[in-house]
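Fold and geometry: a report
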Amino acid sequence: MEKLIEKARILIEAMPYIQTFRGKTFVIKYGGNAMIDETLKQGFAQDVVLMRYIGINPVIVHGGGPQIGKTMERMGKKPTFISGQRVTDEETMDIVEMVLGGLVNKEIVNLINRTGGKAVGLTGKDGGLIQARKLKMEKISETTGETELIDIGLVGEVTAVRPGALTTLEQGGFIPVIAPVGVGEQGETYNINADLVAGAVAGALKAEKLILLTDQAGILDKDKKLISTLNKKKVETMVASGTIAGGMLPKTKSCFEALEAGCTKVHIIDGRIPHALLLEIFTREGVGTEITLA
């Protein structure tokens, strides 16, 4: 009987969050181990479908770097990275679009639909959703010490989001699943970091939350301990000291772009934890780092 009563307590604890978030939009960046481990994949789909059932509007933006790398190698093309960015020539862009917009996107859509949801797959090219331009990368020359531009091909950055298609899908009860591919002014296709796309989409939709699933507990301090709450000033200090580095840099950048554009809160959470989304949203403790502007 005590176990049954505990289940009731859990539901009661979740009730005020359900009331608060009903009708609100959550943008979720889906990536890392949560996209690979079968148990975590199923748990993610269940979390998203449950959110939709209780009135939250989830919008998914997914990555797919490992899948792109494997496909390139099978096709005899070696992946190349500069400063963490994939060098993307036209042939690589064709592979990126095929893997992200086809294989990965449709797998996620199918998983959500089989779990009882109504998901629809999109790329940033659909309806002109993600407008982009070529990313200009700069690097300090080791020989001259001067700043020089590096051409890494068809890698882009978001210039605008046209959310009309997402709004229409939400109104119809659908869950949009977005591949991070954008379109330029001349119709050219760009490969874009999924974290940055998620931040731009969250800002454009004025989302209640942007949630980034990662392969670590959240943002860690210099002693590798989880920090539960941060604001912009503290994050900038941690970036300057090198405490926040590597793959966490584009995540924090996307966080502040979303917040400054009107997203209410951002959460960086550990996607390796089963049902991490529900634990972060519907419990007092949460399972990651919450980030605000002030």
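Quick look at the structure, then. (Residues numbered from 1 in each chain as written. Predicted model: local features only at pLDDT ≥ 70, side-chain atom pairs only at ≥ 80, totals over all residues. Heavy atoms only, no water.)

1. With respect to the pattern of salt bridges
The final tally for this structure, using the stated rule, is 14 salt bridges. Note that Lys41 is salt-bridged to Glu107, the shortest N-O span being 2.6 Å. In this pair, Lys41 sits in helix α2 (residues 38–53) while Glu107 sits in helix α4 (residues 90–114), placing the two residues 66 residues apart along the sequence. In this structure, Arg133 engages Glu157 in a salt bridge whose closest nitrogen and oxygen atoms are separated by 2.8 Å. You can see Arg133 sitting in strand β6 (residues 130–134) and its partner Glu157 sitting in strand β9 (residues 156–161), a full 24 residues away along the chain. (Salt bridge = Lys/Arg side-chain N within 4 Å of Asp/Glu carboxyl O. Helix = DSSP H or I, 4+ residues; strand = E, 2+ residues; numbered from the N terminus.)

2. Comments concerning a nonpolar patch on the surface
A surface patch of nonpolar side chains, about 340 Å² in accessible area, is lined by Met1, Leu4 and Ile5. With respect to the secondary-structure elements, Met1 resides in the segment before α1 (2–21). The class of Met1 is exposed, set by a relative accessible area of 74%. (Patch = residues over 30% accessible without salt bridge, like charges linked within 9 Å, V, L, I, M, F, W, Y side chains within 5 Å. Areas by Shrake-Rupley, 256 points an atom, 1.4 Å probe, with all protein chains shown as cover. Buried < 20%, exposed > 50% of the residue type's maximum accessible area, 1.4 Å probe, protein only.)

3. Quick look at the packing of helix α3 (residues 65–74) against α4
Interhelical geometry of α3 versus α4 gives an angle of 125° and a closest axis separation of 10 Å. As far as their axial angle goes, α4 and α3 are oblique. α4 is crossed by α3, and the crossing has right-handed handedness. In contact with Gln67, Ile68, Thr71 and Met72 of α3, α4 contributes Thr92, Ile95, Val96, Met98, Val99, Leu100 and Val104. Residues belonging to the contact of α3 with α4 are distributed by class as follows: eight nonpolar, three polar and no charged. (Axes fitted to C-alpha atoms, helices over the stretch in contact; angles between N-to-C directions. Parallel < 35°, antiparallel > 145°, perpendicular 65-115°, else oblique. Left-handed = near helix turned anticlockwise from the far one by under 90°. Contact = heavy atoms within 4.5 Å. Nonpolar A, V, L, I, M, F, W, Y, C, P; charged D, E, K, R; others polar.)

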